[in-house]
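Given next are the chains, with one letter for each unit.
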Amino acid sequence: MKRAFILIALIALSAHAAVQTPSQFLGFEVGADKNLADYKQITSYFRSLAAASPRMQIEDLGKTTLGDTMIMAVISSEANMRNLPRIKAIAKQLSDPRGLSDAQIDGLVREGKSVILVTCNIHSSEIASSQMAMEWAYALATANDPETKKRLDNVVLLLVPSLNPDGETMITDYYRKYLGTRYEGGRLPWLYHHYVGHDNNRDWYMLTQLETKAMSRAVYREWYPQVWVDEHQMGTDGPRMFIPPFADPLDATVNPLIWREANLIGSNMAFRLEQQHKAGLIYGYSFDAYWLGGTRNTGWWKNITGLLLETASARIASPIQIEPSELHGGQKGLVEYKATINHPNPWPGGTWRMRDIMDYERIASDAYLEIASNYREDLLRDISVRAKAAVAWGGSVAYRIPKVQRDWPTAQFMSAILLEHGVEIMQSDNGDYWIPMAQPYSKFIAELLEPQRYPEVRLQPGKEILRPYDVATWTLPMAMGVTVEKVGGGQPPTAVRVTEIKPSTKAVLAKHANDKKPRIAIYNPWGGALDEGWTRWLLDQVGFAPKSLHPQEVKAGLQNYDVFILPDIDKDQIASGRGRAEEGSMRYQDELPPEYRGSLEKEGADVLKKFVENGGTLLAFNAASDYVIETFNVPVRNALARASDFSAPGSLLRVNVNTNHPVTADMPKETAIYVDRAIAFDTTAPGGEMQRWVLMTYPEDSRDILLSGWINGEERLTRKAAAVAMTYGKGRIVLFGFRPQHRGQTHATFPMIFDALYWQ
Ligand SMILES: [Zn+2]
């Protein structure tokens, strides 16, 4: 009897073996408590599904930082799958309709299919969407109801199950390792991207990381989707799901059709969720329409409608219990946790699990597909309308990037980034680059090349303005120290289109090419620090091969190093392991397992002092300067230590540079520095045991300080030092009151880092 049953079961299984559900294929219940598919399993499932289904194919987007392969599924009807080259060509033409007649555009709109993108799991601990993606792909590959078939006839869906495969693997490995212990579902002791952790969603205009480059290429140079939805998770104790409309402020140069489409799609998502009794939906909350750096946001300036979804988190795949009294507002758009017009049905509290997150995400994703199907012609026409408007907005203006300038290699580097974004660049006979603004990405170009003025929006008369969500500026010529000129008449007629730009070596690196490379260590606290990752990334890029040291490794001695770098980490975090949580820790600050604990403490501080006294060089970035000031008792004070009215979230500020010092020898007399939670220094004359140099000073007139972004309390900075160098024993200390390598972007101040590494 038993054998017969197994036989029948096997026959039943083999009849459907061609297309299995994710749970059948992986042999465990996907989405159940404490079950996680890792990236290998996810990709193997997607590949098997594509092999079995004529509705789906897999594209390899490229290699990840740690050598994995990032995949994207292309899902549509069988007929569309056979016609993909034509569908792609139409999407491309409509995203750049220059030269097309209205009749031609009409024809393309009728013939074309909506091309829409969904990206999942860029933030690796926000893991539910990577699991949901398998179930959604299965449903689309197998469903035969008329509505699904209609949607697939109208839409080509691009589905990326994880934008950070390396991190997906790290999170699943770590989760499984500590399952059943008190650390189950806790945060990682290191960054979940090899270099940039949570900042992988801050890289979408600079394109420093492999994953960003690969996705960007697929979007802006190959598929030209009309809409992009990026699925995230937020904290555990607020609303259950943020769905656009976005919150204020907005960038007024973005085509308003972008917001109308985002609102249409977002409203349908919330509508379908509410119909299925999903509580806790909110719009107009926290996430603004101004910031350029995030995954889908960059597309707003490139005529693509981008939406962000943020669902409340569980503890990775472990459920959490939230008491009603633990639910909080406390954010822009929901000050107190209660019913408001943008949050009409508050979630009452209870158990919240990964399955809930997947269900919310799935309903929202289907509602997106529904709109992309029903509004196919609108989406296709709208992107052509936006592109045309952007070409007209650009007019006859061009930006010139002159070949004769202080730092041509960096100017080339900046131009190469724009080229990678799909921006059209020309070159004139004399080697200058020209960027004509009569092109579809004109608003993106202006956004990156012109200063930002943060829009001050107040929600009620007399109230405070809304603060920036992240940083407030991204003006590349300033951040990179590149000269760019706006020219009214456009480029010379003989200028030709550039297809490739290979930057030459920076002068500061060429200068040191024959010097012995210093041995560099970077402090790496348990729990990870974004600025450690960015510092390591920069130094890896230029061949320094730095070592990142955990507290225990520092205590073991620094005799094998010439330079020690303290990245931007709060002094308490360095000294005692307590302090501000890094972003991305999901708002719960668990204790890490014992093997991942510890900080510098007195023992590490003594090692550090001895290291400098014996001839080492110590560099401290931004907040870490506070640690050095206290620990080394140097004649420097943080002038902003008690300045509660001062704020400059990610802005470019002007400083004057004393170039008569090895650390500043390759800097201009005046430069922009990127300031985010700045430190400014008061110095006093030291005794005879020490030499010290003020390397950078803020201007005397506070009106001269802000170059791009937003600042409050700038008068606190006048005549204060922004960078200081000093001798200490046989060694040297350099304090930077800012991050000289902010997110891999601030090439203007990179020379100070490189020169400081070689300072003897
Ligand atoms: Zn996120």
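Residues numbered from 1 in each chain as written. Predicted model: local features only at pLDDT ≥ 70, side-chain atom pairs only at ≥ 80, totals over all residues. Heavy atoms only, no water.

**A short note on the overall build of the chain**
Within the chain, the secondary structure is distributed over 23 helices and 29 strands. Rg of the C-alpha trace for the chain: 27 Å, near the compact-globule value of 27 Å for 760 residues, within the 12% margin. For the chain, the spread of C-alpha atoms along the principal axes amounts to about 90 × 70 × 55 Å. Counting all 760 residues of the chain, 62% fall into the buried class. Counting only contacts in the chain whose residues sit at least 6 apart along the sequence, the fraction spanning at least 24 positions is 80%. (Helix = DSSP H or I, 4+ residues; strand = E, 2+ residues; numbered from the N terminus. Rg over C-alpha atoms; globule rule 2.2 N^0.38 Å. Buried < 20%, exposed > 50% of the residue type's maximum accessible area, 1.4 Å probe, protein only. Contact = heavy atoms within 4.5 Å.)

**A look at the coordination of the zinc ion**
Reference values for angles at a metal are 109.5 degrees in the four-donor tetrahedral case and 90 or 180 degrees in the six-donor octahedral case. Looking at the metal site, the zinc ion is ligated by His123 (ND1), Glu126 (OE), Glu126 (OE) and His232 (ND1), spaced 2.0 to 2.6 Å from it. One can describe the site at the zinc ion as irregular: its four donor atoms subtend angles covering 54 to 150 degrees at the metal. (Donors = N, O, S within 2.8 Å, 3.2 Å for Na, K, Ca; no water. Tetrahedral: all angles 85-135°; square planar, octahedral: opposite > 155°, others 65-115°.)

**As for the sheet that holds strand 2 (residues 69-75)**
Either a parallel or an antiparallel arrangement is found when strands of a sheet pair, and the pairing is made through backbone hydrogen bonds. Within the open sheet, the eight strands sit side by side as 1-2-4-3-5-10-6-8. Their pairing is mixed. Whereas interior strands pair on both sides, the edge strands pair on one side only; in this sheet they are strand 1 (56-63) and strand 8 (281-282). Relative to strand 5 (residues 227-234), strand 3 (residues 114-120) is paired through five bridges, and the arrangement is parallel. Looking across to strand 5, one finds that Ile116 is bridged to Val227. (Pairing = 2+ DSSP bridges.)

**Quick word on the pattern of salt bridges**
By the definition in use, this model includes 50 salt bridges. Across the pair Lys502 and Glu500 runs a salt bridge whose closest N-O atoms are separated by 3.3 Å. Taken as a pair, Lys502 and Glu500 share a single burial class, namely exposed. Its salt-bridge partner being Asp701, residue Arg703 comes within 2.7 Å of it at the nearest N-O pair. Classification of Arg703 as exposed rests on a relative accessible area of 70%. The exposure class of Asp701 is partly exposed, given its relative accessible area of 27%. Counted as one network, the salt bridges with shared partners bring together Asp531, Asp568, Asp570, Asp676, Arg677 and Arg739. (Salt bridge = Lys/Arg side-chain N within 4 Å of Asp/Glu carboxyl O.)

**Digging into the layout of surface pockets**
Of the pockets and cavities examined, the second largest pocket occupies roughly 1,000 Å³. In terms of lining, the second largest pocket is formed by 45 residues, of which the most central are Arg221, Ala416, Ile417, Leu419 and Glu420. At the level of elements, helix 5 (84-95), helix 10 (210-223), helix 14 (408-420), helix 18 (530-541) and helix 23 (750-758) are the ones that each hand at least two residues to the lining of the second largest pocket. It is helix 14 that contributes the most residues to the lining of the second largest pocket, seven residues altogether. Grouping the constituent residues of the lining of the second largest pocket by class yields 23 nonpolar, 12 polar and 10 charged. (1 Å grid on protein atoms, 1.4 Å probe; cavity = no way out; pocket = protein on both sides within 12 Å on 5 of 7 lines; lining within 4 Å. Points joined across faces, edges and corners; volume = space filled by probe spheres on them. Nonpolar A, V, L, I, M, F, W, Y, C, P; charged D, E, K, R; others polar.)

**Some thoughts on the nonpolar core**
One finds Phe46, Leu159 and Met215 to be the most contacted residues of the largest nonpolar core, which totals 164 residues. Residues contacting Met215, with those up to four places away along its chain left out, are Leu61, Met70, Met72, Leu117, Thr119, Val160, Leu163, Trp204 and Trp228. Judged by nonpolar contacts, the second largest core, of 48 residues, contains Leu539, Phe646, Val657 and Met752. (Core = buried A, V, L, I, M, F, W, Y, C linked by side-chain atoms within 4.5 Å.)

**With respect to the packing of helix 3 (residues 39-52) against helix 9 (residues 165-177)**
Geometrically, a packed helix pair is captured by the angle between its two axes and the distance between the axes. Contact geometry for helix 3 and helix 9: axes closest at 8 Å, N-to-C directions at 120 degrees. With respect to helix 9, the axis of helix 3 lies oblique. Across from Tyr39, Gln41 and Ile42 in helix 3, the residues of helix 9 making contact are Pro165, Glu168, Thr169 and Arg176. Here the residues of the contact of helix 3 with helix 9 are counted per class, giving three nonpolar, two polar and two charged. (Axes fitted to C-alpha atoms, helices over the stretch in contact; angles between N-to-C directions. Parallel < 35°, antiparallel > 145°, perpendicular 65-115°, else oblique.)

**Quick look at the side chain of Arg55**
As for its placement among the helices and strands, Arg55 is situated in the loop between helix 3 and strand 1. For the buried Arg55, no salt bridge is present, and the opposite-charge side chain at shortest range is Glu78, 4.5 Å distant. Here Leu140 takes part through its backbone oxygen, which lies 2.8 Å from a polar atom of the side chain of Arg55. A distance of 2.8 Å separates the side chain of Arg55 from the backbone oxygen of Ala143, its partner in a polar contact. Those residues in contact with Arg55 that lie beyond four places of it in its chain are Val74, Ile75, Ser76, Glu78, Met81, Leu140, Ala141, Thr142, Ala143, Asn144, Lys149 and Leu152. (Lys, Arg positive; Asp, Glu negative; His and termini not counted. Polar contact = N/O pair within 3.5 Å; in protein donor to acceptor, adjacent residues only side chain to side chain.)

**Notes on the pairing of strand 3**
Burial of strand 3 is extensive: seven of the seven residues sit out of reach of the surface. Along strand 3, one buried face is formed by Ser114, Ile116, Val118 and Cys120 and the opposite face, lined by Val115, Leu117 and Thr119, is buried too. Note that strand 3 and strand 4 (residues 155-160) share six bridges and pair parallel. When the bridges of strand 4 are listed, Val118 appears paired with Leu159.

**Description of unusual backbone geometry**
In this model, Pro244 is joined to Pro245 through a cis peptide bond whose omega is 15 degrees. For Pro245, the location among the structural elements is in the loop between strand 6 (241-242) and strand 7 (247-250). That bond from Asp248 to Pro249 is cis: its omega, -5 degrees, falls within 30 degrees of zero. Structurally, Pro249 is set in strand 7. Although it is not a glycine, Ile316 sits at a positive phi angle of roughly 55 degrees.

**Digging into the environment of Phe754**
Position of Phe754 among the secondary structure elements: in helix 23. Measuring from C-alpha to C-alpha, the distance between Phe754 and Thr664 comes to 9.8 Å, with 90 residues separating the pair along the chain. Excluding residues within four positions of it along the chain, Phe754 makes contact with Val508, Leu509, His512, Leu538, Leu539, Val542 and Phe544.

**Thoughts on the packing of helix 8 (residues 146-154) against helix 12 (residues 354-374)**
With their axes 8 Å apart at the nearest point, helix 8 and helix 12 run at an angle of 60 degrees to one another. In terms of axis orientation, helix 8 runs oblique to helix 12. As for how helix 8 packs across helix 12, the hand of that crossing is left-handed. Across from Lys150, Arg151 and Asn154 in helix 8, the residues of helix 12 making contact are Asp366, Leu369, Glu370, Ser373 and Asn374. In terms of residue class, the contact of helix 8 with helix 12 is built from one nonpolar, three polar and four charged. (Left-handed = near helix turned anticlockwise from the far one by under 90°.)

**Some words on the packing of aromatic side chains**
Counted by the stated rule, this structure contains 34 aromatic pairs. For the pair Tyr178 and Tyr183, a centre-to-centre distance of 6.1 Å together with 90 degrees between the ring planes defines the contact as edge-to-face. No difference in accessibility class separates Tyr178 from Tyr183, as the two residues are buried. Measuring from ring centre to ring centre gives 6.3 Å for Tyr205 and Trp474, while their planes differ by 55 degrees; the resulting arrangement is tilted. Taken as a pair, Tyr205 in the loop between helix 9 and helix 10 and Trp474 in the loop between helix 15 (442-449) and helix 16 (476-480) lie far apart in primary sequence, 269 residues in all. Comparing Tyr205 with Trp474 shows no difference in burial state: the two are buried. One aromatic cluster in this structure is built from Phe242, Phe246, Trp259, Tyr285, Phe287, Trp291, Trp300, Trp301 and Tyr469. One cation-aromatic arrangement involves Lys443 over Trp393; the distance from NZ or CZ to the ring centre is 5.5 Å. Taking NZ or CZ as reference, Lys506 lies 5.8 Å from the ring centre of Phe413, over its face. (Phe/Tyr/Trp six-rings, centres within 6.5 Å; stacked < 30°, edge-to-face > 60°. Lys NZ or Arg CZ within 6 Å of the ring centre and 35° of its normal.)

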